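Spelled out from the first residue to the last, the chains are:
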Amino acid sequence: MNRIADELPRLAAEGRLYPSVIVSGGTTDDRLGLAFEIGRALLCERAPQERPCGECGHCRRVDKDRYASEARAKAASEKKGGKADEENDEGVRQGHPDFLLLERPPARRDIRIGMVRPLVRAAQMSPFEARGQVFVIADANTLNPHGANTLLKTLEEPTGTTPRHFLLLAASAQELLPTLRSRSLTVYLGPGDAHVAPDDGQTTDLVEHWRRRPSDASSALWTAGLTDRLVAIGGKDLDDVRARRGWNRAARAVTEAAGTLDDRDDRAAALALASDLLDAHRLRERYIQPRRIIEGLAARRLRRDRPETGFESSVNVLMGPP
Ligand SMILES: [Zn+2]
C-alpha cells in the first residue's frame, strides 16, 4: 500500500474524509482491508487521536464483519467451478448495524438494483448506534446501470448532520460511471492483481512458439497457435467483459516473449501486439469473442505481407490504425 492509503484512516478518524471515496488499484484484499480499516476509524467510539482503538464494541464488530468476509472469499475460492448455491443471496452483509458491506454474490456477474436498495434505505435512516454510517460496495465496477444510478441519487441527497460514508471498491476507477467518479474522491493503491505474472510454463511455451514463427503460408496456423496460448494465459478473465486482468496477463506474456526475439522487426511487432492487448478490453466490451479479438490483433500486427482483410480491418476501425 502507499501513503495515500495510510492517510485515509487518519482522515476518517479526524472526521475529514470525503463522503464518497473510490478505492481502486491494489488487490481485492488490499481494497477490502482498507475499507474495513476506514470503517473502524469512522465508527470507533474513542477520541479522534485513538481511532481506531481495535477494542471498543464498534471496532470489534467491524473486525467480525471482516473475518466473515474473508471466510466467504475462502469458501468461494475452494468451491470454484462448482455450481454456486447462492442464487438468492441478497449480497448485503451486516455484523455492525452501521457498517454495511455489499458484495457481488459469486454466482452473479453484476450487482443489481435489488441488492442496492437495502443499502440505500439504510442510508436514509439515522445510524443505529455509532456516530455515523459506512457503506462499502465491493466490486463496484459490477454495479449494473440501475444499481449505479440509484446509488448516485443517494450520493446526491444531502446527508444532514450524521456522517455518512460510501466506499466504492474497484480494480479500476475507469470502470465506474463518470457521474459516480465526479462525486467521489478516487484513491489508487498502485498496481495490484491486475499485474499478476502469467504462469512461467505458459510464458516459456509462448516464447518457444514465437521463435518458430514461419515466414510463409503456414502463418495462419501459427497465429491460431498463438491465439490458443494467449487465451490460456488470459484465462477465464477474458470472458468477463468488464475485467482487464486477463488482457494484462496476455500483454505481459507477449512483452516477455518480445524480449527474447532476435529479429528487430519481430520484436517491434510483438511489443505493438502487447500494447494492443492492453487495450483489447475495449473490443471485449462490444462482446466480440476473445479468440476473435486476439486473431484480429495478431493479424494486424504480425502479417509480413500486409493486405488488410476481414476482421483485421474492423479491428483497425475500432482501435485506430496500427
Ligand atoms: Zn474502537
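As the structure is a prediction and not an experimental result, all values here were calculated from the model. (Residues numbered from 1 in each chain as written. Predicted model: local features only at pLDDT ≥ 70, side-chain atom pairs only at ≥ 80, totals over all residues. Heavy atoms only, no water.)

A.B. asks: How do you make sense of the packing of helix H4 (residues 113-123) against helix H5 (residues 145-156) when you look at a structure like this?
C.D. replies: The description of two helices packed together rests on the angle between their axes and the distance between the axes. The interhelical angle for the contact between H4 and H5, taken along N-to-C directions, is 10 degrees, at an axis separation of 9 Å. By the criterion of interaxial angle, the relationship of H4 to H5 is roughly parallel. Mapping the contact onto sequence places Ile-113, Val-116, Leu-119, Val-120 and Ala-123 in H4 and His-146, Gly-147, Thr-150, Leu-151 and Thr-154 in H5. Looking at the contact of H4 with H5, its residues break down into six nonpolar, four polar and no charged. (Axes fitted to C-alpha atoms, helices over the stretch in contact; angles between N-to-C directions. Helix = DSSP H or I, 4+ residues; strand = E, 2+ residues; numbered from the N terminus. Parallel < 35°, antiparallel > 145°, perpendicular 65-115°, else oblique. Contact = heavy atoms within 4.5 Å. Nonpolar A, V, L, I, M, F, W, Y, C, P; charged D, E, K, R; others polar.)

A.B. asks: Any chance you could explain the coordination of the zinc ion here in plain terms?
C.D. replies: A four-donor tetrahedral metal ideally has 109.5 degree angles, and a six-donor octahedral metal ideally has angles of 90 or 180 degrees. The coordination sphere of the zinc ion, as far as protein atoms go, consists of Cys-44 (SG), Cys-53 (SG), Cys-56 (SG) and Cys-59 (SG), spread over 2.3 Å. The coordination sphere of the zinc ion comprises four donor atoms, whose angles at the metal cover 105 to 115 degrees; the geometry is tetrahedral. Mapped onto the polypeptide sequence, the residues donating to the zinc ion form the spacing pattern C-x8-C-x2-C-x2-C. (Donors = N, O, S within 2.8 Å, 3.2 Å for Na, K, Ca; no water. Tetrahedral: all angles 85-135°; square planar, octahedral: opposite > 155°, others 65-115°.)

A.B. asks: Got a minute to help me understand the pairing of strand S3 (residues 99-102) in this structure?
C.D. replies: It is a general feature of regular strands that their side chains alternate between the two faces of the sheet. Residues Phe-99 and Leu-101 point to one face of S3 and Leu-100 and Leu-102 to the other, with burial holding for every one of them. Sheet analysis places S3 next to strand S4 (residues 133-137), joined by four bridges and oriented parallel. The residue of S4 that forms the bridge with Leu-102 is Ile-137. (Buried < 20%, exposed > 50% of the residue type's maximum accessible area, 1.4 Å probe, protein only. Pairing = 2+ DSSP bridges.)

A.B. asks: What is the right way to read the pattern of salt bridges from this model?
C.D. replies: Pairing between side chains of opposite charge can happen when their charged atoms approach one another. The final tally for this structure, using the stated rule, is 21 salt bridges. Arg-72 is the salt-bridge partner of Glu-103, the closest N and O atoms lying 2.8 Å from each other. Of this pair, Glu-103 sits in the loop between S3 and H4 while Arg-72 sits in helix H3 (residues 57-78), and the two are 31 residues apart along the sequence. A residue is classified by how much of its surface remains accessible, and Arg-72, at 25% relative accessible area, is partly exposed. Salt bridges here are not isolated pairs; linked through shared partners, they connect Glu-7, Arg-10, Glu-14 and Arg-16. (Salt bridge = Lys/Arg side-chain N within 4 Å of Asp/Glu carboxyl O.)

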